[in-house]
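# Coordinates in review
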Amino acid sequence: MRCVIARFPFDLTRSGVLEAMRGVKPEHAVGESVIIGRRTYPVKQVGQVITRQDRRDFSAGEVLRAMRQLGFTCPGSAPTPARSQVLDPLQQASAMLGAPVA
């Protein structure tokens, strides 16, 4: 699959990512992460290994999009759906306190 990360095109395959990450010890994943094999890697670490670029050169979103398209699991990175109803300030405060919204 062809994807663009940090303005550079890459031809990535699932097996190529698995091979690149083989033997790489995962760092502690605090934010967004990718499950590759049985290990959970931080997104920026995966991006650095597969692109051979500095972590500051690309965003986590670019790597997440590519990993999802390749079929890898990215826990905790699903976008939250927008609320359809608009709450007035009183309803919003009640919702924040845990009261049901009318």
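The following refers to the structure shown.

Cut-offs and rules
Residues numbered from 1 in each chain as written. Predicted model: local features only at pLDDT ≥ 70, side-chain atom pairs only at ≥ 80, totals over all residues. Heavy atoms only, no water. Helix = DSSP H or I, 4+ residues; strand = E, 2+ residues; numbered from the N terminus. Buried < 20%, exposed > 50% of the residue type's maximum accessible area, 1.4 Å probe, protein only. Pairing = 2+ DSSP bridges. Axes fitted to C-alpha atoms, helices over the stretch in contact; angles between N-to-C directions. Parallel < 35°, antiparallel > 145°, perpendicular 65-115°, else oblique. Contact = heavy atoms within 4.5 Å. Nonpolar A, V, L, I, M, F, W, Y, C, P; charged D, E, K, R; others polar. Core = buried A, V, L, I, M, F, W, Y, C linked by side-chain atoms within 4.5 Å.

## Focus: unusual backbone geometry
Only a minority of non-glycine residues have a phi that is not negative, and only a minority of peptide bonds are not trans. With a phi angle near 55°, alanine 6 is a residue other than glycine that sits in the positive phi range. Secondary-structure assignment places alanine 6 in the loop between β1 (2-5) and β2 (8-11). Residue alanine 6 is classed as buried on the basis of its relative accessible area, which comes to 8%. You will see that arginine 52, though not glycine, has its phi angle at about 60°, which is positive. By relative accessible area, arginine 52 is classed as exposed at 77%.

## Some words on the pairing of β1
The alternating pattern of β1 places Cys3 and Ile5 on a buried face, while none of Arg2 and Val4, on the opposite face, is buried. Counting the residues that bridge the hairpin from β1 to β2 gives two residues, and of these alanine 6 lies at a positive phi of roughly 55°.

## A word on the packing of helix α1 (residues 14-21) against helix α2 (residues 43-51)
At a closest axis distance of 10 Å, the pairing of α1 and α2 adopts a crossing angle of 100°. Here α1 is positioned roughly perpendicular relative to α2, judged by the angle of their axes. The segment α1 lies against α2, with Val17, Ala20 and Met21 engaging Val46, Val49 and Ile50. When the residues that make up the contact of α1 with α2 are grouped by side-chain class, the tally is six nonpolar, no polar and no charged.

## Looking at the nonpolar core
Counting 23 residues, the largest nonpolar core has Ile5, Leu12, Val17, Val34, Ile36, Val46 and Met67 as the members making the most contacts within it. Counting only elements with at least two residues in this core, the list comes to β1, α1, β3 (33-36), α2 and α3 (60-69). Residue contributions to this core peak at five residues, all from α3.

## Looking at the environment of glutamate 19
Mapped onto the elements, glutamate 19 comes out in helix α1. For the pair glutamate 19 and isoleucine 50, spaced 31 residues apart in sequence, the C-alpha to C-alpha distance is 9.7 Å.

## Digging into the pairing of β3
Here β3 runs beside strand β4 (residues 39-42); their pairing, made up of four bridges, is antiparallel. Residue pairing in the sheet places serine 33 in a bridge with proline 42 of β4. The antiparallel pairing of β3 with β4 creates a hairpin that spans two residues between the two strands, and glycine 37 there sits at a positive phi of about 70°.

## Details of the environment of threonine 73
By the element assignment, threonine 73 lies in the loop between α3 and α4 (89-96). Residue classification places threonine 73 among the partly exposed residues on the basis of a relative accessible area of 46%. Separated by 39 residues in the primary sequence, threonine 73 and valine 34 have C-alpha atoms spaced 5.9 Å apart. Setting aside anything within four residues of it in sequence, one finds threonine 73 in contact with Ser33, Val34 and Ile35.

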